[in-house]
Amino acid sequence: MSHLSERPEKPVVGVSMPHESASLHVTGAALYTDDLVSRTKDVLHAYPVQVMKARGRITGLRPEPALSVPGVVRVLTVADVPGVNDAGMKHDEPLFPDEVMFHGHAVAWVLGETLEAARLGAAAVEVDLDEQPSLVTLEDAIAAGSFHGARPVMLAGDVEAGFVESAHVFSGEFQFSDQEHFYLETHAALALVDENGQMFVQSSTQHPSETQEIVAHVLGLHSHEVTVQCLRMGGGFGGKEMQPHGFAAVAALGAKLTGRPVRVRLNRTQDLTMSGKRHGFHAAWKIGFDAEGRIQALDATLTADGGWSLDLSEPVVARALCHIDNTYWIPNARVAGRIARTNKVSNTAFRGFGGPQGMLVIEDIMGRCAPLLGLDPMELRERNFYRQSHSTPYGQPVTHPERISTVWRQVQDDAGIADRRREIAAFNAAHQDTKRALALTGIKFGISFNLTAFNQAGALVLIYKDGSVLISHGGTEMGQGLHTKMLQVAATTLGIPLHKVRLAPTRTDKVPNTSATAASSGADLNGAAVKNACEQLRGRLLQVAGTQLGANAADVRIVEGVARVLGNDKELLWDDLVRTAYFQRVQLSAAGFYRTEGLHWDAKSFQGSPFKYFSYGAAATEVEVDGFTGAYRIRRVDIVHDVGDSLSPLIDIGQVEGGFVQGAGWLTLEDLRWDTGDGPNRGRLLTQAASTYKLPSFSEMPEEFNVRLLENATEEGAVYGSKAVGEPPLMLAFSVREALRQAAAAFGPAGVSVELASPATPEAVYWAIEAARGGAAPVGVAGGRSGVPTDVSALSDA
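As the structure is a computational prediction, the values presented were derived from the model and not from experiment.

Undergrad: Give me the environment of Val 250: which residues, what numbers.
TA: Relative to the helices and strands, Val 250 resides in helix H7 (residues 244-258). Residues Val 250 and Ala 87 lie 163 residues apart in sequence; the distance between their C-alpha atoms is 9.4 Å. Ignoring any residue separated from it by four or fewer positions in sequence, one finds Val 250 in contact with Leu 76, Leu 95, Trp 109 and Val 264.

Okay, here's the thing in structure tokens:
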């Protein structure tokens, strides 16, 4: 077993415990960025001047009327920027634009003594606009050839030969929806300047170091003149990886110009209309199977709706390409990716980061083609699983492919699938207007950042004379339990009780140059860095303990706060050991560091091994569908998920449950709509609130929800044998959509191929049912416009 994955005696990791801030969350005592405003003197409030047109060039901007509004202190415009007028890393996101690029684009910000004064001031600012033609939909952008950014192509094997050797060749299209993050806490920042001119920014950000970098270049400062702190976030889901930077920069600019603290906090409507979403995609595909239903070749083009600027669209598309295989071996593949430029908010990271979009394409293909091949969907999927010695289309060997089958079989056993399918068949035969279905899907998700350089982390661990320990690391807490795991890692490595360890807020002046808490890598990277720092300290303390106990340091163990020598009864309490070390002038602080080894990636050839390992899981979902309305309920869900040896089982099970529900929301409920007409509101987001944008609630929860973590699944080379858990469970929700597809098909003749829109709202399910009754797939439903996939080989022996 590797040093990184080996667990010591009586570890604190692996123990189920509640989130470290759970009691603060439920009592309302937890502090978030905007809560700090009431603790700060003389705060000014910032409010955006939004232009409600989809596109246009600004020909005039008159802030003077705002200055006559009582309580307005200043209007921030491009003329006030001392540094670089840009809020993005691609230098295509002007903080104060001269061209409106989406409906609701902020072109200036008003500072007021109160939020109401700032709001009234923003309404008074006069903007002249030369309105321009806009591209609102993905279809419009594709038709117009409106693309930006890289256009990668993933190649494997000989695609043309693969199709020639295929007995069945199908082709089709698939368009599916974007998704709103809808975190409980909207974007927020609070900036102030200290007596030395240092800029201090409190920000609800997943990437404090990048927020620091953007604030610095907007203000024309060096990074050491800017400190960014993130206490915690009320949810992030990727939406706070890149998008907080501009809001923090506005607050910092206001603070620099006025000398007073400045607060930016978007209300819910502003957050929905100004911040990016999960990328919606269009896929055009062609796939070949042999006579037994094994994939021979895949040719696909994935087009992401990037919105008006690049943001993180390029790595999102790259990850989509890397995940289009999911759990299936595709020996011959050609998959192209591109980014459409539309006049909508700039789409950004969202839990799964392109992986869900790529995986959804292949799962949709499998669900649509199984009936045409005369195969049960479960059988078709299982026949195509990765096996030993298989590699992905981008050239990475698939490690532990047997776990794909292991979790698959365990779910079948746990869920009693064979018996329940017989019960469902009997139910469907007895009920003409209500049908049930049970679907099983699996996942394979790569863990690490696409960009190799991001796979590094740092930590700072301090031991005080009284034996108490304070840790700082580069990861941010957004409710996912990262801090809880880091406390457990530190206590385990030092060999002390958990109550002796405390965690400091994430700050750029404690751990520099950190990567975003994203890509499910927060615990992997920061946990290894914390472990490294604690090992340095433990090594020094073991030397002291060995001297005190008259033994070799290698024979000393620190367990549950007591240093003992192997083979005798001598012992030394932790607090006494630390005090002794202090008086011996032993350093009691350490900076830890970790870099993920074994990664290599060539973005041009789209080949390499970009991921440290793969996470696996499987989910079985049973649904019941009403044939009159398309309304449905999720009767039962069974999940087995691979998290290696869990660092914190209660946290991980919660992540699996939450990820699944969020995925089910994306695939079945959450339907973002824009005004695509040619009227004055073209480009306006129509679903601007929870009243019009349906989120999963208790009524959408499975009536029976069973989650189990895969046992005996130690991951070599990962911190204490654990695996990432943040993103992979979201894709387990494919089973919900596939169950709905199969239930809709049950209303029609045997062997019908059902096309199902995504999100599969009750309306979409109803039209799928109607098409199934007629023996064909629906045409014209939002999210799916291609009709029944065509077997272009005419089922011949091509």
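Still more ground to cover, so stick around.
Undergrad: Break down the sheet that holds strand E23 (residues 571-573) for me, with residues and values.
TA: With antiparallel pairing, three strands are arranged side by side in an open sheet as E21-E22-E23. The sheet is open, and its two borders are formed by strand E21 (556-559) and E23, each paired with just one other strand. Ignoring which end each strand starts from, the neighbouring axes of this sheet average 20 degrees apart. Sheet strands in contact with helix H16 (residues 574-583) are E21, strand E22 (562-565) and E23, and its direction is about 80 degrees off that of E23.

Undergrad: So what about the pairing of strand E1 (residues 44-51)? Which residues, and what values?
TA: Most of E1 is tucked away, with seven of its eight residues classed as buried. One ladder, built from three bridges, connects E1 with strand E12 (residues 262-265); its direction is parallel. Pairing of Leu 44 across the sheet is with Val 262, part of E12. The sheet contact formed by E1 and strand E5 (residues 105-112) spans seven bridges and is antiparallel.

Undergrad: Hey, could you go over the packing of aromatic side chains for me, with residue numbers and the actual values?
TA: Under the counting rule described, the total for this entry stands at 17 aromatic pairs. Note on Tyr 328 and Phe 385: the rings are 6.3 Å apart at their centroids and 15 degrees apart in plane angle, and the pair reads as stacked. Taken as a pair, Tyr 328 in the loop between helix H9 (313-323) and strand E15 (333-341) and Phe 385 in the loop between helix H11 (377-383) and helix H12 (402-415) lie far apart in primary sequence, 57 residues in all. Here Tyr 328 matches Phe 385 in class, with each residue buried. When the centroid spacing of 5.5 Å and the interplanar angle of 50 degrees are considered together, the rings of Phe 660 and Phe 705 count as tilted.

Undergrad: So, the pattern of salt bridges: which residues are in play, and what are the values?
TA: Throughout the structure, instances matching the rule amount to 53 salt bridges. Among the salt bridges present, the one from Asp 325 reaches Lys 444, with a minimum N-O distance of 3.1 Å. You can see Asp 325 sitting in the loop between H9 and E15 and its partner Lys 444 sitting in strand E16 (residues 434-447), a full 119 residues away along the chain. The two residues Asp 325 and Lys 444 agree in class, both being buried. The residue Arg 673 makes a salt bridge to Asp 671 at a minimum N-O spacing of 2.8 Å. Residue classification places Arg 673 among the partly exposed positions, given a relative accessible area of 38%. Each of Glu 363, Asp 364, Arg 368, Arg 381, Arg 737, Glu 738 and Arg 741 takes part in salt bridges that share partners, so that together they form one network.

Undergrad: Account for the pairing of strand E10 (residues 199-203), with residues named and values stated.
TA: Of all five residues in E10, five are buried, a share of seventy percent or more. Across five bridges, the pairing between strand E9 (residues 188-193) and E10 is antiparallel. Paired with Ala 191 across the bridge in E10 is Val 201. Counted along the chain from E9 to the antiparallel partner E10, the turn is five residues long, and its residue Gly 197 has a positive phi close to 80 degrees. The sheet contact formed by E10 and strand E11 (residues 226-230) spans four bridges and is parallel. Bridged to Phe 200 within E11 is Thr 227. Handedness of the crossover joining E10 and E11 through helix H6 (residues 208-219) is recorded here as right-handed.

Undergrad: Go over the packing of helix H10 (residues 355-373) against helix H18 (residues 734-745) with me, naming the residues and quoting the values.
TA: It is at 11 Å that the axes of H10 and H18 come closest, and there the two elements cross at 25 degrees. Classified by the interaxial angle, the pair formed by H10 and H18 is roughly parallel. Crossing angle aside, the handedness with which H10 passes H18 is right-handed. Along the contact surface, H10 presents Pro 356, Met 359, Leu 360, Glu 363, Asp 364, Gly 367 and Arg 368, while H18 presents Phe 734, Arg 737, Glu 738 and Arg 741. Among the residues forming the contact of H10 with H18, the class breakdown is four nonpolar, one polar and six charged.

Undergrad: Talk me through the packing of H6 against H7; I want residue IDs and the actual numbers.
TA: Between H6 and H7, the least distance of the axes is 9 Å, while the angle of their chain directions is 45 degrees. Our classification of the angle between H6 and H7 gives oblique. For the pair H6 and H7, the crossing hand works out as right-handed. Each of Glu 210, Thr 211, Ile 214, Val 215, Val 218 and Leu 219 in H6 lies in contact with H7, whose residues at this interface are His 245, Ala 248, Ala 249, Ala 252, Leu 253 and Lys 256. Tallied by class, the residues present in the contact of H6 with H7 amount to eight nonpolar, two polar and two charged.

Undergrad: Talk me through empty space enclosed by the protein; I want residue IDs and the actual numbers.
TA: In total, this model carries four cavities of 30 Å³ or more according to the counting rule given. In this structure, the largest cavity occupies an estimated 350 Å³ of space. Elements supplying a minimum of two residues to the lining of the largest cavity: E5 and H7. Classifying every residue of the lining of the largest cavity by side-chain character gives 12 nonpolar, six polar and two charged.

Undergrad: Quick one: what's the story with the nonpolar core, residue by residue and with numbers?
TA: Grouped together as the largest cluster of nonpolar side chains are 105 residues, with contacts concentrated most on Ile 287, Phe 289 and Leu 302. At nine residues, H10 tops the list of elements feeding residues into this core. Not counting the four nearest positions on each side in its chain, Ile 287 is found in contact with Phe 163, His 168, Val 169, Phe 170, Ile 295, Ala 297, Leu 298, Ile 362, Ile 365 and Cys 369. Core analysis: the next-biggest nonpolar cluster, separate from the first, contains 53 residues, Ile 471, Cys 534, Leu 542 and Val 565 among them.

Undergrad: Explain the sheet that holds strand E24 (residues 589-595) residue by residue, including any values.
TA: Within a sheet, adjacent strands bond to each other through the backbone by hydrogen bonds, running parallel or antiparallel. The mixed open sheet is built from four strands, whose spatial order is E19-E18-E17-E24. Each edge of the open sheet is held by one strand with a lone partner, namely strand E19 (501-503) and E24. Across the sheet, the axes of successive neighbouring strands diverge by a mean angle of 25 degrees, strand direction being ignored. As paired strands, strand E17 (residues 456-463) and E24 are joined by seven bridges and run antiparallel to one another. From the neighbouring strand, Ala 459 faces E24, where its bridge partner is Gly 592. Together, E17, strand E18 (469-473) and E24 form the strand contacts of helix H15 (residues 522-549), whose direction differs from that of E24 by roughly 140 degrees.

Undergrad: Explain the layout of surface pockets to me, and be specific about the residues and the numbers.
TA: The gaps left among the atoms become clear once a water-sized probe is rolled over them. The calculated volume of the second largest pocket comes to roughly 650 Å³. Residue lining of the second largest pocket: 25 residues in total, with Glu 314, Pro 315, Asn 450, Leu 451 and Phe 454 positioned closest to the centre. For the lining of the second largest pocket, the leading source of residues is H9, giving four residues. Across the lining of the second largest pocket, the residue classes tally to 16 nonpolar, three polar and six charged.

Conventions we followed
- Residues numbered from 1 in each chain as written.
- Predicted model: local features only at pLDDT ≥ 70, side-chain atom pairs only at ≥ 80, totals over all residues.
- Heavy atoms only, no water.
- Helix = DSSP H or I, 4+ residues; strand = E, 2+ residues; numbered from the N terminus.
- Contact = heavy atoms within 4.5 Å.
- Pairing = 2+ DSSP bridges.
- Axes fitted to C-alpha atoms, helices over the stretch in contact; angles between N-to-C directions.
- Buried < 20%, exposed > 50% of the residue type's maximum accessible area, 1.4 Å probe, protein only.
- Phe/Tyr/Trp six-rings, centres within 6.5 Å; stacked < 30°, edge-to-face > 60°.
- Salt bridge = Lys/Arg side-chain N within 4 Å of Asp/Glu carboxyl O.
- Right-handed = clockwise from strand over helix to strand, strands pointing away.
- Parallel < 35°, antiparallel > 145°, perpendicular 65-115°, else oblique.
- Left-handed = near helix turned anticlockwise from the far one by under 90°.
- Nonpolar A, V, L, I, M, F, W, Y, C, P; charged D, E, K, R; others polar.
- 1 Å grid on protein atoms, 1.4 Å probe; cavity = no way out; pocket = protein on both sides within 12 Å on 5 of 7 lines; lining within 4 Å.
- Points joined across faces, edges and corners; volume = space filled by probe spheres on them.
- Core = buried A, V, L, I, M, F, W, Y, C linked by side-chain atoms within 4.5 Å.

Taken by themselves, the reported measurements are silent on function.
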